[in-house]
Amino acid sequence: MNIEVEQDVMEVNRAYAADNRLLFRKYGLLTVNIMGSPGAGKTALLEHMLKYMQQHLKVAVIEGDLATAKDARRIAALGVNVIQINTDGGCHLDAKMIARVLPGFYLEDIDLLLIENVGNLVCPAAFDLGEDMRMVVMSITEGGDKPSKYPSAFMTADVVALNKMDILEHTDIDLEQTCADILQINPEALIFETCCRKGEVRGVDILADQLIARVKEKRKAAR
């Protein structure tokens, strides 16, 4: 019985994801699902990318959290159109949640929609939101074994940001082995080394440029 319920949930999610994808395609809108553990630095990385990308694109954000709108307020402070989704204890966003809030945006006026998922490396990977790309943000303080322990998130990632590189020397992570593990799980993943510490921001513009290029590719394909 539990299996049937799970299958039904996933089937419903796939239907909403397909509808979302069609809508994003209609407007030539690139959508990125950002996943990562709590404390990986997703919001800080997002803030710094937005400061750069706003010079080139019209960007909107969906913030997913169990509770509060703290992260959404941080994004709004940058002048970015943002909508908060609170899951009330749920460990991930799903396609239906995304569909419900999309009417809050003028999609025809957006080039890029960034969705910061709930902090979790397990559940979010199982739910298609209708996105074009998936990005995993992993703090090097989490340990180099995370890709091997949580392969599903990395298996579906187009981009992996190894974050908090400014404190690399204070960790015992084997960076070369971690990158090798990621590429063994997903040979197509693009790996970026980033840090967002005040006064020391690195790699963010390079990552942002990758997303900007993907936006241009989708716009071109939509013509």
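Details of the structure are given in the entry above.
What counts, and at which threshold
Residues numbered from 1 in each chain as written. Predicted model: local features only at pLDDT ≥ 70, side-chain atom pairs only at ≥ 80, totals over all residues. Heavy atoms only, no water. Helix = DSSP H or I, 4+ residues; strand = E, 2+ residues; numbered from the N terminus. Rg over C-alpha atoms; globule rule 2.2 N^0.38 Å. Contact = heavy atoms within 4.5 Å. Lys, Arg positive; Asp, Glu negative; His and termini not counted. Charge placed at Lys NZ, Arg CZ, Asp CG, Glu CD. Polar contact = N/O pair within 3.5 Å; in protein donor to acceptor, adjacent residues only side chain to side chain. Pairing = 2+ DSSP bridges. Axes fitted to C-alpha atoms, helices over the stretch in contact; angles between N-to-C directions. Expected span 1.5 Å × (residues − 1). Buried < 20%, exposed > 50% of the residue type's maximum accessible area, 1.4 Å probe, protein only. Core = buried A, V, L, I, M, F, W, Y, C linked by side-chain atoms within 4.5 Å. Arc of directions from axis to C-beta. Salt bridge = Lys/Arg side-chain N within 4 Å of Asp/Glu carboxyl O.

Engineer: I keep staring at the overall build of the chain and nothing clicks. Help me out?
Structural biologist: The number of helices and strands found in the chain is eight helices and nine strands. Relative to the compact-globule value of 17 Å for 223 residues, the chain shows a C-alpha radius of gyration of 17 Å, a close match. The C-alpha extent of the chain, read off along each of the three principal axes, is 50 × 45 × 35 Å. Taking the contacts inside the chain whose residues are at least 6 apart along the sequence as the reference set, 73% of them involve residues at least 24 apart. Across the chain, the mean location of the 25 positive side-chain charges is 6 Å away from that of the 33 negative side-chain charges.

Engineer: Explanation requested: the environment of Arg219 in the structure shown.
Structural biologist: Position of Arg219 among the secondary structure elements: in helix α8 (residues 204–222). Sequence separation of Arg219 and Asn117 is 102 residues, and the distance between their C-alpha atoms is 24 Å. When neighbours within four sequence positions are excluded, Arg219 is seen to be in contact with Tyr27, Gly28, Ile110 and Asp111. A distance of 2.9 Å separates a polar atom in the side chain of Arg219 from the backbone oxygen of Ile110.

Engineer: How should I be thinking about the sheet that holds strand β5 (residues 133–139) in this particular structure?
Structural biologist: Hydrogen bonds between backbone atoms are what pair the strands of a sheet, whose relative direction is either parallel or antiparallel. Reading across the sheet, the seven strands line up as β3-β2-β4-β1-β5-β6-β7 and stay open at both edges, with parallel pairing between neighbours. Looking at which strands have only one partner, the edges of the open sheet turn out to be β3 (81–86) and β7 (190–193). Averaged over all adjacent pairs, the angle separating strand axes in this sheet is 20 degrees, with direction ignored. Bridge count for strand β2 (residues 59–65) against β3 is six bridges, and the pairing is parallel.

Engineer: In this structure, what is going on with helix α2 (residues 42–53)? I would like to understand it.
Structural biologist: Because an α-helix completes one turn every 3.6 residues, residues spaced three or four positions apart along the sequence face the same direction. Between its terminal C-alpha atoms α2 stretches 16 Å, which fits the 16 Å expected from 12 residues at 1.5 Å a residue. Counting buried positions over the 12 residues of α2 gives nine, a clear majority of the element.

Engineer: Got a minute to help me understand the nonpolar core in this structure?
Structural biologist: General note: in soluble globular proteins, nonpolar side chains tend to be found buried as a group. In this structure, Val32, Met49, Leu50, Met53, Leu112 and Leu114 are the most contacted members of the largest nonpolar core, which totals 32 residues. At the level of secondary structure, the elements contributing two or more residues to this core comprise β1 (30–36), α2, β2, α3 (70–76), β4 (112–116), β5, β6 (159–163) and α8. When residues no more than four places from it in sequence are discounted, the contact partners of Leu112 are Leu29, Leu30, Val32, Met53, Leu57, Lys58, Val59, Ala60 and Val215. One finds Leu121, Val136, Leu162 and Met165 within the second-largest nonpolar core, a separate group that totals 17 residues.

Engineer: Is there a simple way to think about the side chain of Asn186 in this case?
Structural biologist: Mapped onto the elements of the fold, Asn186 is located in the loop between α7 (175–185) and β7. A polar atom in the side chain of Asn186 sits 3.1 Å from the backbone oxygen of Phe154. With residues up to four places along the chain from it excluded, the contact list for Asn186 reads Phe154, Met155, Thr156 and Ala157.

Engineer: For this particular structure, what's the right way to read α7?
Structural biologist: All of the buried residues along α7 are Leu175, Thr178, Cys179, Asp181 and Ile182. Down the axis of α7, the sector holding all buried residues measures 155 degrees, keeping them to one side. In α7, those exposed residues whose orientation departs by more than 90 degrees from the buried face are Glu176 and Gln184. Of the surrounding elements, those touching the buried residues of α7 are β5, α5 (146–149), α6 (151–155), β6 and β7. At the N-terminal end of α7, a side-chain oxygen is found 3.3 Å from the backbone nitrogen of Glu176, two or three residues along, and the residue is Asp174.

Engineer: For this particular structure, what's the right way to read the pattern of salt bridges?
Structural biologist: A side chain of one charge can pair with a side chain of the opposite charge if their charged atoms are brought near each other. For the structure shown, the criterion picks out 10 salt bridges. A salt bridge links Asp166 to Arg197, with the shortest nitrogen-to-oxygen separation between them at 3.8 Å. One end of the pair, Asp166, is in the loop between β6 and α7; the other, Arg197, is in strand β8 (residues 195–197), with 31 residues separating them in the sequence. Connected through shared salt-bridge partners, Glu47, Asp71 and Arg74 make up one network.

None of the figures reported here should be taken as evidence of function without further support.
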